[in-house]
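So the chains spell out like this:
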Amino acid sequence: MSYNRGVGRETIEAKRRRAIEVLGRLETEMPEVRIELDYRTPLELLVAVILSAQCTDKRVNMVTPALFQRFPDAQAYASVKPEAVEPFIQTCGLYRAKAKNIVAAAKALVAHHSGVVPASREALEQLPGVGRKTAGVVCIHLGGDAAFPVDTHVKRLAGRLDFSRQSHPDKIEKDLQALLPPERWFNGHQLLVWHGRRTCFARAPACERCVVADLCPKRGVRVKRATTPTDARRART
């Protein structure tokens, strides 16, 4: 199976088959796919995902061991001011806002959920500092509501693969959910994240080694033009 640009507009059924084939190949290529944030409890997961905004998972994993040791539960966070959290997360970027959100979320957990992180996406979104993407990532890893969270990687790949022509994450998620059966959403999210980090880079996607290159319309990707004799002469001058 491959994507044929010369055969008119792709039907929704053809796109669904292609989407399933894309995930199948990515799964074969990356069978070890998983979230790359380190955590042991639902609260640690929630905090790690909050910290990962505009920050690499590797950096988050460097700061969380000491943070989690100092604040083992929601009550521990809720009983301090954000300034007490800031020194542990200074290298994560936007650390003051993140510390404020973590403390506020912990206070809400203690007040409304007995200190337990809910698995419902709706309940998670009610927590201070927890947006729809963060709530989606947390709930799918806690076995809660089915979701297909859209981060920067998923958004980029959904566009290039022509799975969605929307720009808003919520609308992109709806398009992806319409293409794929619910049982593929969890792994599908993580597979697109990993592929975005390892191959389908934002500035220069490595299409030459992409396992789904023949299935990809490459929307928005600037195709490299073959070098001509004229190009070679210009390069020498």
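Scope of this entry: the structure provided in the associated data block. Residue numbering note: each chain is counted from 1, following its sequence as written. Residues qualify for local features only when their pLDDT is at least 70, as the model is predicted, and side-chain atom pairs are given and counted only at 80 or more; totals for whole chains, interfaces and linings, by contrast, use all residues. Note that water and hydrogens are dropped before the side-chain values are worked out from all heavy atoms of the structure.

## A word on unusual backbone geometry
Of note in this structure, Ser114 is not a glycine but carries a positive phi near 55°. Tracing the backbone shows Ser114 in the loop between helix H6 (95-113) and helix H7 (121-125). Going along the chain from the N terminus, every DSSP run of H or I of four or more residues is numbered as a helix, and every run of E of two or more is numbered as a strand.

## A look at the packing of helix H9 (residues 152-160) against helix H11 (residues 185-198)
Two elements in contact, H9 and H11, have axes whose closest approach is 8 Å; the angle formed by their N-to-C orientations is 85°. As summarised for this structure, H9 and H11 are arranged roughly perpendicular, according to the angle between their axes. Where H9 approaches H11, its residues His153, Val154, Arg156 and Leu157 are matched on the opposing element by His189, Leu192, Val193, His195, Gly196 and Arg197. Ten residues, namely Ala, Val, Leu, Ile, Met, Phe, Trp, Tyr, Cys and Pro, are considered nonpolar, four, namely Asp, Glu, Lys and Arg, are considered charged, and the remaining ones, Gly among them, are considered polar. Of the residues that constitute the contact of H9 with H11, the class distribution is 4 nonpolar, 4 polar and 2 charged. Axis geometry follows a simple rule: fit a line to the C-alpha atoms, using only the stretch in contact for helices, then measure angles between N-to-C directions, giving values from 0 to 180 degrees. Should an angle fall under 35 degrees it is taken as roughly parallel, and over 145 as roughly antiparallel, whereas 65 to 115 is taken as roughly perpendicular and any remaining angle as oblique. When checking whether two residues touch, look at their non-hydrogen atoms; a contact exists if any pair is within 4.5 Å.

## Concerning the pattern of salt bridges
Any carboxyl oxygen of Asp or Glu that lies within 4 Å of a side-chain nitrogen of Lys or Arg is treated as forming a salt bridge with it. Applying the stated criterion across every chain yields a total of 15 salt bridges. Arg184 is the partner of Glu27 in a salt bridge, and the nearest nitrogen-oxygen pair spans 3.7 Å. Here the residue Glu27 occupies a position in helix H1 (residues 12-29), and Arg184 occupies one in the loop between helix H10 (169-179) and H11, the gap between them amounting to 157 residues. The exposure class assigned to Glu27 is partly exposed, which follows from its relative accessible area of 31%. Salt-bridge contacts for Asp57 lead to Arg197; the nearest nitrogen and oxygen are separated by 3.0 Å. Of this pair, Asp57 sits in helix H3 (residues 57-70) while Arg197 sits in helix H11, placing them 140 residues apart in sequence. For the exposure calls, accessible area comes from a 1.4 Å probe over protein chains only, and a residue counts as buried if that area is under 20% of its type's maximum, exposed if over 50%, partly exposed in between. Judged by relative accessible area, which is 13%, Asp57 ranks as buried. Salt bridges here are not isolated pairs; linked through shared partners, they connect Arg121, Glu125, Arg132, Asp170 and Glu173.

## Topic: the packing of helix H2 (residues 42-51) against H3
Interaxial distance between H2 and H3 falls to 11 Å at its minimum, and their mutual angle equals 140°. Here H2 is positioned oblique relative to H3, judged by the angle of their axes. Helix-helix and strand crossings are classified by hand; for H2 and H3 the assignment is right-handed. Touching Glu44, Val47, Ala48 and Leu51 of H2 are Val60, Val63, Thr64, Leu67 and Phe68, all from H3. The residue makeup of the contact of H2 with H3, split by class, is 7 nonpolar, 1 polar and 1 charged. Should the near helix be turned anticlockwise from the far one by less than a right angle, the crossing is left-handed, and should it be turned clockwise, the crossing is right-handed.

## With respect to the environment of Ala202
Summarising the element assignment, Ala202 is placed in the loop between H11 and helix H12 (229-236). Ala202 sits in the exposed class, given a relative accessible area of 51%. Here the alpha-carbon distance between Ala202 and Arg156, two residues 46 residues apart in the chain, equals 7.4 Å. Residue contacts for Ala202: discarding those within four places in its chain leaves Arg156 and Arg160.

## Some points on the side chain of His189
Note that His189 resides in helix H11. Taking the relative accessible area as the measure of exposure, His189 reaches 4% and is therefore buried. Contact partners of His189, with chain neighbours within four places excluded, come to Val137, Ile140, Phe148, Pro149 and Val154.

## Brief notes about helix H5 (residues 82-89)
In an α-helix, one turn spans 3.6 residues, which is why side chains three or four residues apart end up on the same side. Of the positions making up H5, those classed as buried are Val85, Glu86 and Ile89. Each buried residue of H5 sits inside an arc of 115° when the element is viewed along its axis, so together they form one side. Within H5, the exposed residues directed more than 90 degrees away from the buried face are Glu83 and Pro87. Looking at the buried side of H5, the elements it contacts are H2, H3, helix H4 (74-78) and H6. To be clear, the arc concerns the directions from the helix axis to the C-beta atoms.

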